[in-house]
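Below, each chain spelled out in residue letters.
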Amino acid sequence: RVVFVIPADEMADAIGPDGHTVERVEEKLGREIELIADADTPAAFVESTLAPAAVRGVTISEQGDRIAYVEVVEADRGIAIGSDGRRIETARRLAERHYEIDDIQLTCAGTAGVSLTPFGPLYAMLTGSTRLSGRQRRRRTGLRSLRRGR
């Protein structure tokens, strides 16, 4: 899978009529591609990376590490996480690369900030675990690297 970050005003051109541009690129690369709309602010960018999940709000905390807390609708929690955690891992990677955000934590609308990811503050408190690196998270969850099928 290859992820492209596209300026929001150029998204229609990148998709092409009836998605033909995307289909042609997928055929040439032989891989699935995903398009993510770029944004002007870190909060808007994080929201864009989690689309099509319904995001109620994004708060960036800069106490020590820079963490984005994303409030999602309960019904869209699975969409925000993605199949095998791919969407949330891609969002974390892109947020770190483009806006130096160290982590993204999902919270559910109406749960008073309880973390929904297995690597959030609640998980750390219950298990005595500390923050895990991206490599450690992938090992624990069985996620594979997005680069070259590793």
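Residues numbered from 1 in each chain as written. Predicted model: local features only at pLDDT ≥ 70, side-chain atom pairs only at ≥ 80, totals over all residues. Heavy atoms only, no water.

**Some details on unusual backbone geometry**
Moving on, step 1. The step from Ala51 to Pro52 runs through a cis peptide bond, and the omega angle for that step is 15 degrees.
Moving on, step 2. Take Pro52: it is sitting in the loop between α3 (42-49) and β3 (55-61).
Moving on, step 3. Even without glycine at this site, Glu100 takes up a positive phi of about 55 degrees.
Moving on, step 4. Its place among the elements puts Glu100 in the loop between α5 (86-99) and β5 (103-108). (Helix = DSSP H or I, 4+ residues; strand = E, 2+ residues; numbered from the N terminus.)

**Concerning the pairing of β5**
Moving on, step 1. Of all six residues making up β5, six are buried, and the element is well covered by its neighbours.
Moving on, step 2. Neither face of β5 is open: one carries Asp103, Gln105 and Thr107, the other Ile104, Leu106 and Cys108, and all of them are buried.
Moving on, step 3. Pairing between strand β4 (residues 67-72) and β5: six bridges, direction parallel. Of the residues in β5, the one forming a bridge with Val70 is Leu106. (Buried < 20%, exposed > 50% of the residue type's maximum accessible area, 1.4 Å probe, protein only. Pairing = 2+ DSSP bridges.)

**Description of the packing of α3 against α5**
Moving on, step 1. Relative to each other, α3 and α5 sit at 155 degrees, their axes nearing to 9 Å. Classified by the angle between their axes, α3 and α5 sit roughly antiparallel to one another. The way α3 lies across α5 gives a crossing that is right-handed. Counted together, Pro42, Phe45, Val46 and Thr49 of α3 and Arg87, Ala91, Leu94, Ala95, His98 and Tyr99 of α5 form the full contact between these two elements.
Moving on, step 2. Of the residues assigned to the contact of α3 with α5, the class counts are seven nonpolar, two polar and one charged. (Axes fitted to C-alpha atoms, helices over the stretch in contact; angles between N-to-C directions. Parallel < 35°, antiparallel > 145°, perpendicular 65-115°, else oblique. Left-handed = near helix turned anticlockwise from the far one by under 90°. Contact = heavy atoms within 4.5 Å. Nonpolar A, V, L, I, M, F, W, Y, C, P; charged D, E, K, R; others polar.)

**A look at the sheet that holds β4**
Moving on, step 1. Strands sit in the order β3-β4-β5 across an open sheet of three strands; the sheet is mixed. Here the strands that pair on one side only, and so sit at the sheet edges, are β3 and β5. The average angle at which neighbouring strand axes cross in this sheet is 20 degrees, direction not considered.

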